[in-house]
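What follows is the residue order along each chain.
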Amino acid sequence: MLRLPPYRYHRPRGVQEALELLALHGDEAMPIAGGTDLIPNMKHRLFTPGELVALGGIEAMRGVERGEGGELRIGAGETLAALGRSALLMGELPALAAAARGVAGPQLRNRGTLGGNLCLDTRCTYYNQTAFWREALGYCLKKDGDVCHVTKVGAKCVAAHSADTPPVLIALGAGVEVAGPDGVREVGVEELFVADGVRNVRLERGELVVRVRVPGTGEGLRRLTGYAKLRQRGSIDFPLLTVAVAVWLDEEERVAAIRGVVTGLGSRPRVLSGWEAIAVGEPWSDQLFPALAERAHAQCRPLENMTTDPDWRRAMVPVYVRRALEGVG
Ligand SMILES: Cc1cc2nc3c(=O)[nH]c(=O)nc-3n(C[C@H](O)[C@H](O)[C@H](O)COP(=O)(O)OP(=O)(O)OC[C@H]3O[C@@H](n4cnc5c(N)ncnc54)[C@H](O)[C@@H]3O)c2cc1C
Ligand code: SF4
């Protein structure tokens, strides 16, 4: 049985109290929301925080509500289960609700939160293992070692970004409110991530994601979203590939804007390039799908950071892009 390392558990009732606890305990402290990623990682000794600052009792980080200009404001502490059955999301952003429903399995979605999903640690075959397993291999440069067993050369970790909701949020042009010792700042979800598998989330120690903001649709436009996920077991697994699509149509049902985002391949979600040139100004129809899928295939090259064959994952890119496009609604 894998045991947790010792820790103290703090239960702040507000964001300010949580920030003060994180500042007080510095490098020893980590926030914990649902704990569905952090607790297994602690058992594997990937993280050993002596102080856990629990976010579950912070009411200000809850709720799904409409702001100005049609914006949707979603508390980072909302569970994935709640988002997956939110009538507001299912009506307006069905891909986000579907992505939330596609995470892990029901028990984990009841605990796991949107904030935890945004701040999920990257994953790799050589990293998500017990301390004993990793020690036998001489560790790796993401944790305790100095070699990468995937690239074999160089000093770069390419562990995979493996969270389902960020690609949808990036496709939608969403942002997050980040609270820290110096106040609240806003950052686009796309800019939240960097291509560094060691730590791919641009948050300073002691900062918290408190809210996600999805902009309104825009004057005279209709917004549609689509989502498709490849995984080994449909009942529980992390994505081997996630595809998110957002399309804005004008009053004549022509494409005014389109964004496609994939993840599960590299250390950060990837915005697909070249889609606007293919689709903008065209009537929205499945005639566009082959060219969009082909453009995605040309630019996605998975690495051997997961147990499944990268060539097969690459071959699945156009298949899942088409599925996401076919499911747009
Ligand atoms: C078997 C299994 C299958 C899974 N499958 C999937 C899957 O298919 N797709 C997927 O996306 N995920 C999957 N997960 C991972 C996880 O369940 C989800 O990503 C979940 O959303 C994490 O949220 P949490 O609240 O539990 O995060 P936690 O475990 O509490 O935290 C995760 C990380 O985020 C930090 N954090 C949490 N909240 C905040 C915040 N508000 N501000 C700043 N930092 C914060 C924590 O310090 C920690 O570093 C799976 C997990 C397991 C165990
Ligand atoms: S990609 Fe390399 S450095 Fe990163 S976790 Fe995997 S083996 Fe370690």
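Because the structure is a prediction, the values reported are computed rather than measured.

Thresholds applied
- Residues numbered from 1 in each chain as written.
- Chains lettered and ligands numbered in written order.
- Predicted model: local features only at pLDDT ≥ 70, side-chain atom pairs only at ≥ 80, totals over all residues.
- Heavy atoms only, no water.
- Phe/Tyr/Trp six-rings, centres within 6.5 Å; stacked < 30°, edge-to-face > 60°.
- Lys NZ or Arg CZ within 6 Å of the ring centre and 35° of its normal.
- 1 Å grid on protein atoms, 1.4 Å probe; cavity = no way out; pocket = protein on both sides within 12 Å on 5 of 7 lines; lining within 4 Å.
- Points joined across faces, edges and corners; volume = space filled by probe spheres on them.
- Helix = DSSP H or I, 4+ residues; strand = E, 2+ residues; numbered from the N terminus.
- Contact = heavy atoms within 4.5 Å.

Glancing now at the packing of aromatic side chains. Per the counting criterion, the structure on display carries 2 aromatic pairs. Each ring, one from W284 and one from F289, has its centre 5.5 Å from the other, and the planes form 55°; the classification is tilted. Over the face of the ring belonging to Y320 we find R323, whose NZ or CZ atom lies 4.7 Å from the ring centre.

Next up on the list: empty space enclosed by the protein. Under the defined criterion, the tally for this structure stands at 1 cavity of 30 Å³ or more. By volume, the largest cavity is sized at about 80 Å³. What lines the largest cavity is a set of 13 residues, and nearest its centre among them are C124, C140, C148, C157 and V158.

On the secondary structure map, N305 appears in the loop between α12 (289–299) and α13 (310–326). Residues within four places of N305 in sequence aside, it is in contact with R123, C124, T125, V150, V158, A159, A160, L265 and R313.

Attention now goes to the layout of surface pockets. Taking a probe equal in size to a water molecule and rolling it over the atoms shows the remaining empty space. Size it by volume and the second largest pocket reaches roughly 310 Å³. Residue lining of the second largest pocket: 14 residues in total, with R123, T125, F238, M306 and T307 positioned closest to the centre.

Read these as spatial facts, not as claims about activity.
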